[in-house]
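What the coordinates show
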Amino acid sequence: MKTKNKKKLNPVGILMVVILLPLLAPKAWTVEEWINQNLQGPAKGGFRVCADPDNLPYSNQKLEGFENKIAELMAKELGESPTYYWWPQRRGFIRTTLGTKMCDIVMGIPKGYDPVLWTKPYYRTSYVIAYPKNKGFQIKSLDDPILKEVKIGVYVNTPPHIALSERGITKNVVGYEVFYDPQENYPGKIIDDLAAGKLDVAIVWGAIAGYFAKKQPIPIEIVPLLDGGPDSQPFVYDISIGVRKSDKELKAKLEEILDKKKTEIRKILEDYGVPLIDGKENTQ
């Protein structure tokens, strides 16, 4: 019997779901992994980070994610190396990690996420429309008439999915579940399907689209979506670092580094294909 390894996408509330849809952690931990992590206890050192152990393009235990790279850059500025408390992204992530002092820092927190004290943003991105360049499309918004004719892939119950439904675009939409499944619904599958010709267009969170598009054998056009209409949920978000609400000194220290390392951080994000929207990266 095939065993599905499903894990709910929503790691830290609806806002995190909206922003971090690609937090479909690529696998659930085994019992042994859970036990080993608990035995290791809190992260040690002067730059203690909580992160998902297997969630590229964000983080993994091989330190291959762009949040790993940014944490390393910031820790180095303090004469430290980041140490990690690994915990899969899921409901209760902040409570289980930051809340129990297993770490001091969580990267990739949407600005305004109330359970934490958030720093000024270090990047701003959005949902995007992705399509093979050889299709010849010039799609810039959800109001493009061609979206009523082409086959569209989108994660269900996300702002773009809802915005498409509000425009009557439903029959040509392929819904992708916000649950991880190693064979049928891994994070990059929607972009793989796009490149394979199973979809004409994919509407995806920017970080996941950009990262997996770079891995395809054909060029993929990535077009940021700035909004879904006057009544839509936001499509664009500022991304910050989260600390405990009492850690105001740490927040200030991190913000100093974010300012100092802005150029290097942007380079890391660009290397991973994250579509960046300028204008408000460093606003409070």
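Provided above is the structure to which this section pertains.
Figured I'd write up the structure that's included with this text. Keep in mind that what you see is a predicted model, and the values were worked out from it rather than measured.

Notes on the pattern of salt bridges
Evaluation of the coordinates by the stated rule reveals 17 salt bridges. The salt bridge partner of R48 is D104, with a shortest N-O separation of 2.9 Å. Taken together, the residues span a long stretch of sequence, with R48 in strand β1 (residues 48-51) and D104 in the loop between α4 (93-96) and β5 (105-110) at a distance of 56 residues. For D104, a relative accessible area of 17% corresponds to the buried category. As a salt-bridge pair, K251 and E255 come within 3.1 Å of each other at their nearest N and O atoms. Of this pair, K251 and E255 both sit in helix α8 (residues 248-260), four residues apart, roughly one helical turn. Owing to a relative accessible area of 9%, E255 belongs among the buried residues under this scheme. Where salt bridges share partners, they join R48, D104, R244 and D247 into one cluster.

Considering the nonpolar core
When a protein is soluble and globular, its nonpolar side chains tend to lie buried together. Counting residues in hydrophobic clusters, the biggest one holds 69 residues, and the most contacted among them are F66 and V201. Sequence-distant contacts of V201, that is, excluding residues within four places in its chain, are made with I129, A130, Y131, F137, I139, L147, V150, K151, I152, G153 and L194. Among the nonpolar cores identified, the runner-up in size contains 13 residues, and C50, F93, C103 and V106 belong to it.

So, the state of the cysteines
Taken as a whole, this structure holds one disulfide when the rule is applied. At a sulfur-sulfur separation of 2.1 Å, the disulfide partner of C50 is C103. Around the S-S axis, the bridge from C50 to C103 shows a dihedral of about -115 degrees and counts as left-handed. With a gap of 53 residues between them, C50 in strand β1 and C103 in the loop between α4 and β5 connect regions that are remote in the sequence.

Here's the deal with the environment of Y176
Mapped onto the elements, Y176 comes out in strand β9 (residues 173-176). Note: C-alpha distance between Y176 and K189 (13 residues apart in sequence) is 9.1 Å.

Focus: the packing of helix α3 (residues 66-77) against helix α9 (residues 262-271)
A packed helix pair is summarised by two numbers, namely the angle formed by the two axes and the spacing between the axes. The N-to-C vectors of α3 and α9 enclose an angle of 160 degrees; their axes lie 9 Å apart at closest approach. If you check the angle between α3 and α9, you find them roughly antiparallel. The chirality of how α3 crosses α9 is right-handed. Every residue of α9 that contacts α3 at F66, K69, I70 and L73 is listed here: E264, I265, I268 and L269.

Looking at the packing of aromatic side chains
The description of two aromatic rings rests on the distance between their centres and on the angle between their planes. In this structure the tally under the stated criterion is 13 aromatic pairs. Ring geometry for Y127 versus W205: centroids 5.2 Å apart, planes at 75 degrees, classification edge-to-face. In this pair, Y127 is assigned in strand β7 (residues 123-132) and W205 in strand β10 (residues 201-205), connecting sequence segments 78 residues apart. Here W205 falls in the buried class, since its relative accessible area comes to 0%. Among the aromatic residues, those joined into a cluster by ring pairs are Y58, F66, Y122, Y123, Y211, F212 and Y272.

Overview of the pairing of β1
Of the two faces of β1, the one holding R48 and C50 and the one holding V49 and A51 are both buried throughout. Judged from the four bridges that link them, β1 and strand β4 (residues 83-86) form a sheet pairing that is parallel. Its bridge partner being in β4, C50 is matched across the sheet by Y85. As paired elements, β1 and β5 share two bridges and run parallel to each other. For C50, the partnering residue across the bridge sits in β5 and is V106.

What counts as what
- Think of each chain on its own: its residues are numbered from 1, step by step along the sequence as written.
- Under the rules for a predicted model, residues below a pLDDT of 70 receive no local features and side-chain atom pairs below 80 are neither given nor counted, while totals for whole chains, interfaces and linings still include all residues.
- Excluded from the side-chain calculation are hydrogens and water; included are all heavy atoms of the structure.
- The salt bridge definition used is simple: a Lys or Arg side-chain nitrogen within 4 Å of an Asp or Glu carboxyl oxygen.
- Labels follow the DSSP assignment, with helices taken as runs of H or I lasting at least four residues and strands as runs of E lasting at least two, numbered in each case from the N terminus.
- Note on classification: 1.4 Å probe, protein chains only; a residue is buried when its accessible area is under 20% of the maximum for its type, exposed when over 50%, partly exposed between these limits.
- Buried residues of nine kinds, namely Ala, Val, Leu, Ile, Met, Phe, Trp, Tyr and Cys, make up a nonpolar core once their side-chain atoms join them within 4.5 Å.
- Contacts were defined at the residue level, with two residues in contact if any of their heavy atoms lie within 4.5 Å.
- The criterion for a disulfide is a pair of cysteine sulfur atoms lying within 2.5 Å.
- Note on definitions: angles span 0 to 180 degrees between N-to-C directions of axes, and those axes are lines fitted to C-alpha atoms, for helices only across the stretch in contact.
- Any angle from 65 to 115 degrees is called roughly perpendicular, while one under 35 is roughly parallel, one over 145 is roughly antiparallel, and all others are oblique.
- Crossing handedness: left-handed means the near helix sits turned counterclockwise from the far one by under a right angle, and right-handed means the same turn made clockwise.
- Stacked, edge-to-face and tilted labels apply to pairs of Phe, Tyr and Trp rings (six-membered ring for Trp) whose centres lie within 6.5 Å, assigned for plane angles under 30 degrees, over 60, and everything in between, in that order.
- Two strands qualify as a pair provided DSSP detects at least 2 bridges between them.

Purely spatial values, then, with no claim about function.
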